[in-house]
Amino acid sequence: MATYVAFLRAINLGAKRKFAKASIVAAVEKAGFTGVETYINTGNVRFDTSLRSRARIETALEEAFAAEAGFEVPTIVFTQAELREIAADAGRFADGHEGRHYVSLLKEPPTAAQVEAVEAVGTAGEVAKVGGRAVHLLLGPDYHTARLTNTVVEKHLGVATNRNLTVVRTLAEKWC
């Protein structure tokens, strides 16, 4: 058995995409995974499985979530080692940065051209730095006025979900 961490995209936003933690746990367990835990209600799930293929795990979870929630829930899965690396990269990428730090977690690894394109979108006050399947967004003091957002990341790199660095670090410490 291996432990994985899944990040659900676009849940609990508005009235129509509600997906409670208890329902998430039920869906993950129905998919055959064990040791299920959630952290806050933004779609962060830890579980154990004998499956080794990230694509197969994501597909099983997405099917279970659609059945439970009644809508599609794109899901991005990382190993514990990958999540630890993302949290560790934050210090290197954000050295000296004093504003907000968010991480867009990618479903697929980006190509070199995609990395170059998304990093080129940044400005002096908003910077994107890519490490593996994570884009570190180094922003100013107000996330809500930022132009470099998860939407921009998805435009260049495909399906992604966004978490603040505090959540990423907490999950790496708690679950890895």
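Refer to the structure printed above.
Below or above, wherever it landed, is the structure these notes cover. From a predicted model like this one, the values you see are computed outputs, not experimental measurements.

## Re the sheet that holds strand 7 (residues 134-138)
Part 1 of the argument: Here we have 4 strands laid out as an open sheet, ordered 6-7-5-8, and antiparallel in their pairing. Strands with a single pairing partner mark the edges of an open sheet, and in this sheet they are strand 6 (127-131) and strand 8 (160-164). Recorded for the sheet is a direction-independent mean angle of 25° between the axes of neighbouring strands.
Part 2 of the argument: As paired strands, strand 5 (residues 101-106) and strand 8 are joined by 5 bridges and run antiparallel to one another. The residue of strand 8 that forms the bridge with Leu105 is Thr161.
Part 3 of the argument: In the packing of helix 3 (residues 80-93) onto the sheet, contacts are made with strand 5, strand 6 and strand 7, and the angle to strand 7 comes to roughly 40°.
Part 4 of the argument: Sitting on the sheet, helix 5 (residues 150-157) is in contact with strand 5, strand 7 and strand 8, with an inclination near 145° to strand 8.

## Some remarks on the packing of aromatic side chains
Part 1 of the argument: Summed over the entire model, instances satisfying the criterion amount to 6 aromatic pairs.
Part 2 of the argument: Ring plane angle 20° and centroid distance 6.1 Å describe the contact between Tyr4 and Phe47, whose orientation is recorded as stacked. Taken together, the residues Tyr4 in strand 1 (residues 2-8) and Phe47 in strand 3 (residues 44-49) connect sequence positions 43 residues apart.
Part 3 of the argument: Overall, the relative accessible area of 6% leaves Tyr4 in the buried class.
Part 4 of the argument: Between Phe19 and Phe71, the aromatic rings sit 6.3 Å apart at their centres with planes inclined by 75°, giving edge-to-face as the arrangement. One end of the pair, Phe19, is in the loop between strand 1 and helix 1 (21-30); the other, Phe71, is in the loop between helix 2 (54-69) and strand 4 (75-79), with 52 residues separating them in the sequence. Here Phe19 matches Phe71 in class, with each residue buried.

## Focus on the sheet that holds strand 4
Part 1 of the argument: Pairing in this open sheet of 4 strands is antiparallel, and the strands run 2-3-1-4 from one edge to the other. Lying at the two open borders of the sheet, with one neighbouring strand each, are strand 2 (34-38) and strand 4. Strand-to-strand twist across the sheet, computed as the mean angle between neighbouring axes with direction ignored, equals 25°.
Part 2 of the argument: Here strand 2 pairs with strand 3 via 3 bridges, running antiparallel. Note that in strand 3 the partner of Glu37 across the bridge is Arg46.
Part 3 of the argument: Contacting strand 1, strand 2 and strand 3, helix 6 (residues 165-175) runs over the sheet at an angle of about 30° to strand 3.

## Focus: the pattern of salt bridges
Part 1 of the argument: Under the definition given, this model contains 9 salt bridges.
Part 2 of the argument: A salt bridge links Glu62 to Lys107; the shortest N-O distance between them is 2.7 Å. Remark: Lys107 occurs in the loop between strand 5 and helix 4 (112-120) and Glu62 occurs in helix 2; sequence separation between them is 45 residues.
Part 3 of the argument: Given the relative accessible area of 23%, Glu62 is considered partly exposed.
Part 4 of the argument: The buried category is assigned to Lys107, whose relative accessible area is 15%.
Part 5 of the argument: The residue Asp89 makes a salt bridge to Arg92 at a minimum N-O spacing of 2.9 Å. In this pair, Asp89 and Arg92 are both assigned in helix 3, 3 residues apart and thus about one turn of the helix distant.
Part 6 of the argument: Overall, Asp89 belongs to the buried group, its relative accessible area being 9%.
Part 7 of the argument: Overall, the relative accessible area of 53% leaves Arg92 in the exposed class.
Part 8 of the argument: One connected set of salt bridges, linked through shared partners, spans Arg54, Glu58, Glu62, Lys107 and Glu108.

Reading the values: the criteria
Residues numbered from 1 in each chain as written. Predicted model: local features only at pLDDT ≥ 70, side-chain atom pairs only at ≥ 80, totals over all residues. Heavy atoms only, no water. Pairing = 2+ DSSP bridges. Helix = DSSP H or I, 4+ residues; strand = E, 2+ residues; numbered from the N terminus. Axes fitted to C-alpha atoms, helices over the stretch in contact; angles between N-to-C directions. Contact = heavy atoms within 4.5 Å. Phe/Tyr/Trp six-rings, centres within 6.5 Å; stacked < 30°, edge-to-face > 60°. Buried < 20%, exposed > 50% of the residue type's maximum accessible area, 1.4 Å probe, protein only. Salt bridge = Lys/Arg side-chain N within 4 Å of Asp/Glu carboxyl O.

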